[in-house]
Amino acid sequence: MPSNKEYIFYGGQLRSNIHCGHSSLGALIIQRLKEHGHDVAFIDALSGRTFTYQQVLDKALRVSDKLKQYGINRRSIIAIMSENRLEYPIVAFAAIFLGAIIMPLNPNYTPTELQHVLKLTNPEIIFASRSALGTLRKIKSQYPFIKLLISLDDTSSDSEGIKPFHDFQKHSTSSLITPEPVILKNDVTLMVLSSGTTGLPKAVQLTHFNVMTVVAYMREDPRYTDLPVSIRLLGLLPFYHVYGFMLMLNVCCNRYSMVVLPRFEPELFLRSIQDHRVTMANLVPPLVVFLAKHPAVDRYDMSSLRAVLCGAAPLSRDIELQVIRRLPHIKTIRVAYGMSEASLGVISKVNDKIGTVGRVHKTSWVKVVDTQSGQILGPYQIGEICIKGPLVMKGYFRNKQATQETIDAEGWLHSGDTGYFDDEGDFFIVDRIKDLIKYKGFQVAPAEVEDVLLSHPKVRDAAVVGIPREDSGELPTAFVVLQDGEKFSEIEIQEHVASKLSPQKHLRGGVYFVEEIPKTGSGKILRRELRDRLSGNAKSKL
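Our subject in this report is the structure included herewith. (Residues numbered from 1 in each chain as written. Predicted model: local features only at pLDDT ≥ 70, side-chain atom pairs only at ≥ 80, totals over all residues. Heavy atoms only, no water.)

**As for the packing of aromatic side chains**
At step 1: According to the stated counting rule, one finds 17 aromatic pairs in the structure shown.
At step 2: Arranged with centres 5.3 Å apart and planes meeting at 80°, the rings of F9 and F427 form a pair that is edge-to-face. Of the two residues, F9 is situated in strand β1 (residues 9-10) and F427 in strand β22 (residues 427-432); the sequence distance between them amounts to 418 residues.
At step 3: Since its relative accessible area comes to 0%, F427 is described here as buried.
At step 4: Three or more aromatic residues joined by ring pairs form one cluster here, namely Y7, F9, F421 and F427.
At step 5: One residue, K185, lies across the ring of F209, its end atom 4.8 Å from the ring centre.
At step 6: Here K202 stacks its cationic end above the ring of Y396, 5.2 Å away from the centre of that ring. (Phe/Tyr/Trp six-rings, centres within 6.5 Å; stacked < 30°, edge-to-face > 60°. Helix = DSSP H or I, 4+ residues; strand = E, 2+ residues; numbered from the N terminus. Buried < 20%, exposed > 50% of the residue type's maximum accessible area, 1.4 Å probe, protein only. Lys NZ or Arg CZ within 6 Å of the ring centre and 35° of its normal.)

Next comes the structure, spelled out in structure tokens:
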């Protein structure tokens with residue numbers, strides 16, 4: 001029998017040097033933008049505006065010069081609270097050039113969520129879109145550490161002292177600056193907020209070395225390098241999420257182009273792929289479900305789309321097959337697995353095996369351990385996925401306890417996700433440990449029941465949670481969104497699940513029909529919100 005150490009998987013080394021001789025992420029970005037010159041980097045899907053790499057560099061240098069005038073330097077925290085837009089990389093890179101920490105914020109944060117984040121992180125300057133300013137205006141006076149709010153939309157200052165982004169462009173130079181050297185493995189360049197599906201968001205600290213490792217890996221990623229067409233990405237995933245942010249960075253550092261969308265609208269989404277001949281779409285599971293099931297897809301020419309990459313949450317095997325059958329020019333869905341605390345992805349699929357998230361990336365180690373004993377497990381044994389290597393975060397900002405609970409003394413990041421691997425070293429994700437439903441001693445993975453629900457043509461979307469019961473622990477309970485015009489009763493849905501799954505996985509807690517499943521911007525189901533709906537008299541609330 002193999003020893004336990006043989007079940008620790010290492011993805012291998014990169015061919016190139018991770019930092020490429022640069023003393024900071026800012027220096028690397030400047031070099032790459034200069035090299036790529038006047039090719040188009042970003043296209044605005046709404047207006048048709050374009051920015052070349054050189055324009056991104058010139059504009060970022062102007063903003064950087066202006067930020068220096070406000071005293072921004074190494075370790076200052078600069079926030080961006082906006083939907084996706086062409087100005088996003090300009091602001092992000094301007095802060096990075098100065099050695100400051102860039103912190104993307106969800107523009108849809110409620111005042112309560114935003115207050116928590118601001119108290120935790122103390123950003124000095126916040127660049128915000130018009131919609132985000134509506135929330136910021138209400139609470140700014142409570143936080144004297146905020147020196148300045150900058151509107152990314154307005155062209156003139158308002159009575160509340162909010163500066164227009166235009167001011168950061170017109171009276172500053174674009175002379176080339178040389179970012180100061182940093183301690184690559186210690187100094188933080190990016191802070192992303194955890195999605196907060198099980199509590200208030202935590203600030204994940206990613207160092208220059210963390211982010212440069214992502215850039216270096218993406219440069220060699222076979223999902224990109226093996227695509228037989230030039231790559232034009234769809235910039236729909238929110239830039240405030242680590243997945244979207246790293247894709248934006250990938251465009252600038254590895255010479256791809258991106259069509260930028262501020263939000264998801266079915267017709268805009270499909271028209272952007274068709275009109276701009278998008279070749280690669282990085283999506284989250286709800287959007288892959290949309291491609292599989294929505295009738296509008298058939299009205300557009302999707303033939304340019306050759307690759308779909310999917311991450312951030314589990315994807316149904318059946319949905320993979322439905323997309324491939326519907327859009328035959330897409331040969332496979334390249335699913336990946338990662339998390340903010342690991343800088344992005346650590347496992348990805350490069351073969352055509354359905355259902356797997358793939359194999360371990362270069363630079364990373366991965367193992368599966370028993371959730372109780374911590375013992376390393378073998379093939380087909382379900383346990384917690386643990387990660388080690390240069391992608392693992394520095395820690396949570398101002399939260400030593402949470403950091404120690406997540407990263408053990410040997411440097412292993414405990415993901416909180418359960419999964420297993422097969423005899424070929426391909427990994428499969430089961431579910432979040434905290435989301436597992438405990439029914440009479442059995443552990444039920446919500447994602448497995450959701451896969452069965454989504455396999456039915458009458459179901460557009462679904463989510464499963466546990467409802468507490470004293471006599472049995474928790475009962476699996478479904479929230480279901482039906483396709484337009486379809487009828488599908490609670491009993492029929494329960495019978496459908498019962499015909500496919502063993503008794504402990506049956507929907508004994510009932511079925512609730514809703515108009516949409518609440519999700520984070522990255523596509524993760526907000527199970528906590530659904531469980532809250534079930535507390536008390538659930539049926540009267542739905």
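**A few points about the pairing of strand β19 (residues 383-388)**
At step 1: Judged by how many residues are buried, β19 sits mostly within the fold: five of six residues are covered.
At step 2: When strand β18 (residues 365-369) meets β19, the two strands line up antiparallel, connected through five bridges. Counterpart to V369 in the pairing with β19 is E384. (Pairing = 2+ DSSP bridges.)

**Some words on the nonpolar core**
At step 1: With 156 residues, the main nonpolar core has F42, F93, F127, M246 and I387 as its most contacted residues.
At step 2: Looking at this core element by element, the count peaks at 10 residues for helix α9 (residues 242-254).
At step 3: Non-local contacts of F42, meaning those with residues more than four positions away in its chain, are made with R49, T50, F51, V56, L86, P89, M248, V251, C252, M258 and V260. (Core = buried A, V, L, I, M, F, W, Y, C linked by side-chain atoms within 4.5 Å. Contact = heavy atoms within 4.5 Å.)

**Some words on the sheet that holds strand β16 (residues 344-348)**
At step 1: Spatially, nine strands are ordered β3-β2-β12-β11-β13-β14-β15-β16-β17 in an open sheet, and the strand pairing comes out mixed. The open sheet has two edge strands, β3 (50-52) and β17 (359-360), and neither has a second partner.
At step 2: Note: strand β15 (residues 333-339) against β16, four bridges, orientation antiparallel. Across the sheet, the residue bridging to G338 is G345, located in β16.

**Quick word on the side chain of S272**
At step 1: Note that S272 resides in helix α10 (residues 266-275).
At step 2: For S272, a relative accessible area of 3% translates into the label buried.
At step 3: Separated by 2.7 Å, the side chain of S272 and the backbone oxygen of L268 make a polar contact.
At step 4: The residues contacting S272, other than those within four sequence positions of it, are A45, L234, V259, L261, R277 and V278. (Polar contact = N/O pair within 3.5 Å; in protein donor to acceptor, adjacent residues only side chain to side chain.)

**Digging into the pattern of salt bridges**
At step 1: On inspection of all chains with the given rule, the structure shows 23 salt bridges.
At step 2: The residue D153 makes a salt bridge to R85 at a minimum N-O spacing of 3.2 Å. Taken together, the residues span a long stretch of sequence, with D153 in the loop between β7 (148-151) and β8 (163-164) and R85 in the loop between β4 (77-81) and α3 (87-97) at a distance of 68 residues.
At step 3: One salt bridge connects D426 with K353, and the closest N-O pair in it is separated by 2.6 Å. On the criterion of sequence distance, the pair formed by D426 in the loop between β21 (413-421) and β22 and K353 in the loop between β16 and β17 is long-range, its members being 73 residues apart.
At step 4: A residue is classified by how much of its surface remains accessible, and D426, at 0% relative accessible area, is buried. (Salt bridge = Lys/Arg side-chain N within 4 Å of Asp/Glu carboxyl O.)

**A closer look at the environment of L206**
At step 1: Here L206 is to be found in strand β10 (residues 203-207).
At step 2: In the structure, L206 is positioned 163 residues away from V369 in sequence and 25 Å away in space, judged by C-alpha atoms.
At step 3: Look past the residues within four positions of L206 in its chain and what remains in contact with it is V188, T189, L190, V192, V211, V242, M246, S340, S343 and M393.

**Re the environment of T213**
At step 1: Topologically, T213 is positioned in helix α7 (residues 208-220).
At step 2: Taking relative accessible area as the criterion, T213 reaches 1% and is therefore assigned buried.
At step 3: If we ignore the near neighbours within four places in the chain, the residues touching T213 are I18, T363, P390 and L391.

Purely geometric numbers; function is a separate question.
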